[in-house]
Amino acid sequence: MTVAPKANRTVASARSPLTYVSRTSRPIRYAGPDMMNDVLGTRLGNYCRLSEDELQALGTLSRDRPRRQRAKTDLIREGEPPRCVFLILSGWAFRYKAMEDGRRQIINFLLPGDMCDLNNFILSEMDHTISALTAIEFVELAHEKVAEIGDLFPRIARAFWWHMLTSASSQRQWTMNLSRSAIERIGHLFCEVFSRLEAVGLTRGNACDLPVTQIELAEATGLTSVHVNRTLQEMRAAGLVILKEKVLEIPDMARLRHAALFTPNYLHLGRIGDES
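Residues numbered from 1 in each chain as written. Predicted model: local features only at pLDDT ≥ 70, side-chain atom pairs only at ≥ 80, totals over all residues. Heavy atoms only, no water.

Chemist: For the pairing of strand 7 (residues 104-110), give the residues involved together with the corresponding values.
Modeler: Direction of pairing for strand 6 (residues 93-98) relative to strand 7: antiparallel, over a ladder of 6 bridges. Among the inter-strand pairings, tyrosine 96 is bridged to a residue of strand 7, identified as isoleucine 106. (Pairing = 2+ DSSP bridges. Helix = DSSP H or I, 4+ residues; strand = E, 2+ residues; numbered from the N terminus.)

Chemist: Which residues make up the side chain of glutamate 140, and what are the values?
Modeler: Looking at the element boundaries, glutamate 140 is found in strand 10 (residues 136-141). Polar contacts involving the side chain of glutamate 140 include one to the side chain of arginine 83, which spans 3.0 Å. When near neighbours in sequence (up to four residues on either side) are disregarded, glutamate 140 contacts Asp64, Arg67, Arg83, Cys84, Val85 and Phe86. (Polar contact = N/O pair within 3.5 Å; in protein donor to acceptor, adjacent residues only side chain to side chain. Contact = heavy atoms within 4.5 Å.)

Chemist: Outline the side chain of aspartate 64, listing residues and values.
Modeler: The topology assignment puts aspartate 64 in the loop between helix 2 (52-62) and strand 3 (67-69). Take aspartate 64: its relative accessible area is 10%, and that puts it in the buried class. Apart from residues lying up to four places away in sequence, aspartate 64 is in contact with Val139, Glu140, Leu141 and Lys145. (Buried < 20%, exposed > 50% of the residue type's maximum accessible area, 1.4 Å probe, protein only.)

Chemist: How would you summarise the sheet that holds strand 3 if you had to cite specific residues and measurements?
Modeler: Where strands meet in a sheet, backbone hydrogen bonds hold them as pairs that are either parallel or antiparallel. Taken together, 4 strands build an open sheet; the order of strands is 3-10-5-8 and the sheet is antiparallel. Among the strands making up the open sheet, the edge pair consists of strand 3 and strand 8 (115-116).

Chemist: Requested: an account of the packing of helix 3 (residues 143-152) against helix 4 (residues 154-177), with residues and values cited.
Modeler: Packing of helix 3 against helix 4 brings their axes to within 5 Å, and their N-to-C directions diverge by 125°. Classified by the angle between their axes, helix 3 and helix 4 sit oblique to one another. The residues of helix 4 that touch helix 3, namely those facing Val146, Ile149, Gly150 and Leu152, are Pro154, Ile156, Ala157 and Phe160. Class assignment for the residues of the contact of helix 3 with helix 4 results in 7 nonpolar, 1 polar and no charged. (Axes fitted to C-alpha atoms, helices over the stretch in contact; angles between N-to-C directions. Parallel < 35°, antiparallel > 145°, perpendicular 65-115°, else oblique. Nonpolar A, V, L, I, M, F, W, Y, C, P; charged D, E, K, R; others polar.)

Chemist: Account for the sheet that holds strand 4 (residues 74-76), naming residues and giving values.
Modeler: What the 4 strands build is an open sheet, ordered 4-9-6-7; its pairing is antiparallel. Pairing within the sheet leaves two strands with one partner each, and these edge strands are strand 4 and strand 7. The mean inter-strand angle of the sheet, taken between neighbouring strand axes irrespective of direction, is 35°.

Chemist: I'd love a proper account of the pattern of salt bridges, names of residues and values included.
Modeler: In total, this model carries 15 salt bridges according to the counting rule given. Note that glutamate 140 is salt-bridged to arginine 83, the shortest N-O span being 3.0 Å. Here arginine 83 lies in the loop between strand 4 and strand 5 (85-90) and glutamate 140 lies in strand 10, a separation of 57 residues in the sequence. Classification of glutamate 140 by relative accessible area gives buried; the value is 17%. Note that glutamate 219 and arginine 104 form a salt bridge whose closest N and O atoms lie 2.9 Å from each other. (Salt bridge = Lys/Arg side-chain N within 4 Å of Asp/Glu carboxyl O.)

Chemist: Run through the environment of phenylalanine 138, naming residues and quoting values.
Modeler: In this structure, phenylalanine 138 sits in strand 10. Judged by its relative accessible area of 3%, phenylalanine 138 falls in the buried class. Separated by 76 residues in the primary sequence, phenylalanine 138 and serine 62 have C-alpha atoms spaced 8.3 Å apart. For phenylalanine 138, the contacting residues outside a window of four places in its chain are Arg65, Pro66, Arg67, Arg68, Gln69, Leu75, Phe86, Leu87, Ile88 and Leu89.

In structure tokens:
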């Protein structure tokens, strides 16, 4: 819904996924072509064919005061007011919900190029925690800037919508995975992570980084760590995966996809051929 203009306020267009109202919004100054191939442009380029100007604008977002965060530390906790949209530039982060007895459920892994909670500006407080899994580099994007860039570039706004839709469809898929067998749950997660990293150019042949412990795999799949350990041994013995020094190698992707019942359509990648 578009908010009616008032004095001393800047209003985002209805074309943007963020209809954000601010008293202090200022115009964005866009950068030159040196950030053309940044990870955000690559990520959103899976949804829409982006022009040089649009990629430059996204490159400006990626350069907006990058920060670093140590592994195993929280960026923002459940109950805190959302202050920004987090853009992951490098490393892995994750969302989780904590339980009263100290257990936690990982509900999503955040990879380079991911924008965390594009529409969280409507919340008074976070309903989950975002934490760094590894050391990460990230940017805190003001809601005004995200709204403005979508307002100025309709195809970027469209890509933002696709990004949010993909986040929602992925969450539905993670919920569905709780009805699968252990091999299907873990194999499905491996296929998803590989596909998402491949979409931003961060795979090496049939291998990718996998800086996830067995305990974290258990927290992400709803299994015990003992069950995860046993399942990984079965998958190794079957030749489905090779795990060594935090690297995942998939000898035969088609075979792993079949074993995990993985279909990547919910990720909505590679839509660039369908969009003008």
